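# A closer look at the structure
Listed here are the chains, written in short residue letters.
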Amino acid sequence: MTQIGLIPVHTRFREKHIHLVQGDLLEKNVDQFVFSSFDGGYIPTPNSIWGAAKKRYFGESASFNPEDLWGHPSRIGDTSAVIFDTRKIFLQDFPLISLNMVGADIEAFNDEQMDFEYTLRKSLFQLLFACRELSSMGKLGRVIGMPLLGTGEQGLPISAVAKLLKQFSEDALSTIECLEEIVICAFSDNDADLLRNEFKILSNQSPLLELSKLPEWQQNSITNILKDIETSKHNLPEENRSFLDDVLARFSIGPLDK
């Protein structure tokens, strides 16, 4: 799992974060996952996050029947989102959340006129209300993780999805006190590069500095400072070391934020 970005969100509660990572979301230590599906479409197809979860937690030979894997879904209030009691299976203290794509169904999937960006926007509004409801019931964790919703079978470009996920994350972190961090995970290297670049644009983090283009004395100064931090961080409490790892990651991948 590789960190590709850490975006602060300043709320009335305290500073919170959107965490961008690259790798297998199921390996990320989060309190609960958010998957997406068509309403009722929880079948673990090979290329979906549901399929990856089936393989990881149940094995290749497990049933493809969703009820045998996740159990029965429970709708969250009058929203389109549902939860599954996967706490023991996933070794998490909070249930799996499924964001159902509002207004989309399997029959409409091949319709060229289907506006999946609009569908995702509606669905994320539903998810926001669902998270608030879960928070009031003590069923929302401090850190939730999600893949690039809408970029799979729906085929949405990351440029569109990044904007919608950033808006959802900021709204959720700003209005739900118990929520501390939202992790957005890109699986492939290419998706990770696109996601990171889109968030830099959306976060107004340009212009950027290329370390190799700085004067040599500045390159050496930055490099030496980072080395000193890396070698000295073991003297700090674990929580501080973890924070420094996040900071150091910003300097190790791509251009520096000015």
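For the structure itself, look to the data block above.
A few points on the structure. Note that the coordinates shown come from a computational prediction; the quantities given were computed from them, not determined experimentally.

Next up on the list: the packing of aromatic side chains. Here the distance between the centres and the angle between the planes together describe a pair of aromatic rings. The final tally for this structure, using the stated rule, is 10 aromatic pairs. The interplanar angle of 80° and the centroid separation of 5.8 Å between the aromatic rings of F58 and W70 together place this pair among those described as edge-to-face. With F58 in helix α1 (residues 49–58) and W70 in the loop between α2 (66–69) and β4 (74–75), this residue pair connects regions lying 12 residues apart in the sequence. Taking the relative accessible area as the measure of exposure, F58 reaches 27% and is therefore partly exposed. According to the relative accessible area criterion, W70 is buried, its value standing at 3%. Relative to F90, the ring of W70 has its centre 6.5 Å away and its plane inclined at 70°; by these criteria the two rings are edge-to-face. With a gap of 20 residues between them, W70 in the loop between α2 and β4 and F90 in helix α3 (residues 87–90) connect regions that are remote in the sequence. When sorted by exposure, W70 lands in the same class as F90, which is buried. Chaining the aromatic ring pairs together yields one cluster made of F33, F35, Y42, W50, Y57, F58, W70, F84 and F90. The aromatic ring of F64 is capped on one face by K54, whose charged end is 4.4 Å from the ring centroid.

Across a regular strand the side chains alternate sides, sitting on one face of the sheet and then on the other. Among the 5 residues in strand β7 (residues 143–147), 5 count as buried, and that is most of the element. The two faces of β7 match: V143, G145 and P147 on one face and I144 and M146 on the other face are all buried. As defined by bridge partners, strand β3 (residues 32–37) adjoins β7 across 2 bridges and the pair is classed as parallel. Across the sheet, residue F33 finds its bridge partner in β7, namely G145. Here β7 pairs with strand β8 (residues 181–186) via 5 bridges, running parallel. Residue pairing across strands places P147 opposite C185, the latter belonging to β8.

To continue, consider the sheet that holds strand β6 (residues 96–100). Here 8 strands make up an open sheet; going across it, the order is β1-β2-β8-β7-β3-β6-β5-β4 and the pairing mixed. For this open sheet the edge positions go to β1 (2–10) and β4, each flanked by a neighbour on one side alone. Relative to the sheet, α1 contacts β3, β5 (82–84) and β6, its axis offset from that of β3 by approximately 130°. Contacting β1, β2 (15–22), β7 and β8, helix α5 (residues 158–175) crosses the sheet at an angle of about 160° to β8.

In this section: the nonpolar core. Judged by nonpolar contacts, the single largest core of 43 residues is most densely connected at L120, L124, M146, F168, I182, I184 and L195. With near-sequence residues (within four places) excluded, L124 lies in contact with L99, L149, L164, L165 and F168.

Where helix α4 (residues 116–136) contacts α5, the axes come no closer than 10 Å and their chain directions differ by 15°. In terms of their interaxial angle, α4 and α5 are classed as roughly parallel. Note that α4 runs across α5; the crossing there is right-handed. Seen from α4, the contacting residues are E117, L120, R121, L124, L127, L128, C131 and R132; seen from α5, they are A160, V161, K163, L164, L165, F168, D171, A172 and T175. When its residues are assigned to classes, the contact of α4 with α5 shows 11 nonpolar, 1 polar and 5 charged.

This part takes up the packing of α5 against helix α6 (residues 189–202). Helix-helix packing: each pair is described by the crossing angle between the helix axes and the interaxial distance. Where α5 meets α6, the axes come as close as 9 Å, and the angle between the chain directions of the two elements is 55°. Comparing the axis directions of α5 and α6 gives the class oblique. The interaxial crossing formed by α5 with α6 has right-handed handedness. Where α5 abuts α6, its residues I158, S159, A162, K163 and K166 lie against D191, L194, L195, E198, F199 and L202.

Parameters at a glance
- Residues numbered from 1 in each chain as written.
- Predicted model: local features only at pLDDT ≥ 70, side-chain atom pairs only at ≥ 80, totals over all residues.
- Heavy atoms only, no water.
- Phe/Tyr/Trp six-rings, centres within 6.5 Å; stacked < 30°, edge-to-face > 60°.
- Helix = DSSP H or I, 4+ residues; strand = E, 2+ residues; numbered from the N terminus.
- Buried < 20%, exposed > 50% of the residue type's maximum accessible area, 1.4 Å probe, protein only.
- Lys NZ or Arg CZ within 6 Å of the ring centre and 35° of its normal.
- Pairing = 2+ DSSP bridges.
- Contact = heavy atoms within 4.5 Å.
- Axes fitted to C-alpha atoms, helices over the stretch in contact; angles between N-to-C directions.
- Core = buried A, V, L, I, M, F, W, Y, C linked by side-chain atoms within 4.5 Å.
- Parallel < 35°, antiparallel > 145°, perpendicular 65-115°, else oblique.
- Left-handed = near helix turned anticlockwise from the far one by under 90°.
- Nonpolar A, V, L, I, M, F, W, Y, C, P; charged D, E, K, R; others polar.

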